[in-house]
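Coordinates in review
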Amino acid sequence: MKRLLFAVLLLVLPASAGAVMPDEVLKDPTLELRARGISKDLRCLVCQNQSIDDSDAPLARDLRVIVRERLSAGDSDADVVRFLTDRYGDYVLLKPPVKATTVALWTAPAVLLLLALLAARPLLRRRAAEAAPAPLSEAEQARLHQILSNGGQA
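These notes cover the structure that comes with them.

Parameters at a glance
Residues numbered from 1 in each chain as written. Predicted model: local features only at pLDDT ≥ 70, side-chain atom pairs only at ≥ 80, totals over all residues. Heavy atoms only, no water. Axes fitted to C-alpha atoms, helices over the stretch in contact; angles between N-to-C directions. Helix = DSSP H or I, 4+ residues; strand = E, 2+ residues; numbered from the N terminus. Parallel < 35°, antiparallel > 145°, perpendicular 65-115°, else oblique. Left-handed = near helix turned anticlockwise from the far one by under 90°. Contact = heavy atoms within 4.5 Å. Phe/Tyr/Trp six-rings, centres within 6.5 Å; stacked < 30°, edge-to-face > 60°. Lys NZ or Arg CZ within 6 Å of the ring centre and 35° of its normal. Core = buried A, V, L, I, M, F, W, Y, C linked by side-chain atoms within 4.5 Å. Buried < 20%, exposed > 50% of the residue type's maximum accessible area, 1.4 Å probe, protein only. Polar contact = N/O pair within 3.5 Å; in protein donor to acceptor, adjacent residues only side chain to side chain.

Re the packing of helix 3 (residues 58–72) against helix 4 (residues 77–88)
- It is the contact of helix 3 with helix 4, at a shortest axis distance of 9 Å, that shows an interaxial angle of 140°. Here helix 4 runs oblique to helix 3, going by the angle between their axes. The handedness of the crossing between helix 3 and helix 4 comes out as right-handed. Of the residues in helix 4, those in contact with Leu59, Leu63, Ile66, Val67, Arg70 and Leu71 of helix 3 are Asp77, Val80, Phe83, Leu84, Arg87 and Tyr88.

Quick look at the structure:
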C-alpha cells in the first residue's frame, strides 16, 4: 500500500510543480503565489498552447523571471500583464481579450462550425431520403387495412 501511495505521489507532485525552477521561486510566498497566478495565464511563445508556468522552454523561463522581477519591483498584476502584452502583443495571453484585432480569433470556431453544418445539410438530406421506405402499393395497403380491421389477426 505504501508503494502505491508513493507511486501516486511521484506522478502527481511533478505535475503540480510546473516548470518553475527552484532558483526562480521568490522568497516572499505572497509574491510567489501572485507570480504563479500570472504565469498560468501567459502563453509560452515557443510551445504556443502551454502556459509559461508549465513550459520548460528557455523563453518561458525568461518570461517567468520577468514576471517575478516586475512583481518584486512593486508592479501590480495588471501592470505585469500590460508590460508583457505591450512587448509581445495579446498573443502572449492564453485567453486574449475580445477586441477588433482578436474578433476573428473568437468567432472563427463558430463560423467554421456553421459552414460545416451548411455543407453537410444536403448530404444528410440525401441520405435521409435514400433511407426512407418506399410507399405501400395498393395491394399492400388493402392487406394492411384487412389486418387492422380484423383486430391484428392475419
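The discussion continues.
Description of the packing of aromatic side chains
- Tallying each qualifying case throughout the model produces 0 aromatic pairs.
- Seen from the ring of Tyr91, Arg43 lies directly overhead, with NZ or CZ sitting 4.8 Å from the centre.

Description of the nonpolar core
- Of all hydrophobic cores here, the largest spans 17 residues; its most connected members are Ile38, Leu42, Ile52, Val67, Leu71, Val80 and Leu84.
- Looking at which element gives the most residues to this core, the answer is helix 3, with 5 residues.
- Non-local contacts of Leu71, meaning those with residues more than four positions away in its chain, are made with Leu31, Arg34, Ala35, Ile38, Asp77 and Val80.

Let's talk about the side chain of Ser55
- Tracing the backbone shows Ser55 in the loop between helix 2 (29–40) and helix 3.
- Take Ser55: its relative accessible area is 0%, and that puts it in the buried class.
- A distance of 3.1 Å separates a polar atom in the side chain of Ser55 from the backbone nitrogen of Ala57.

As far as function goes, none of this settles anything; it's purely spatial.
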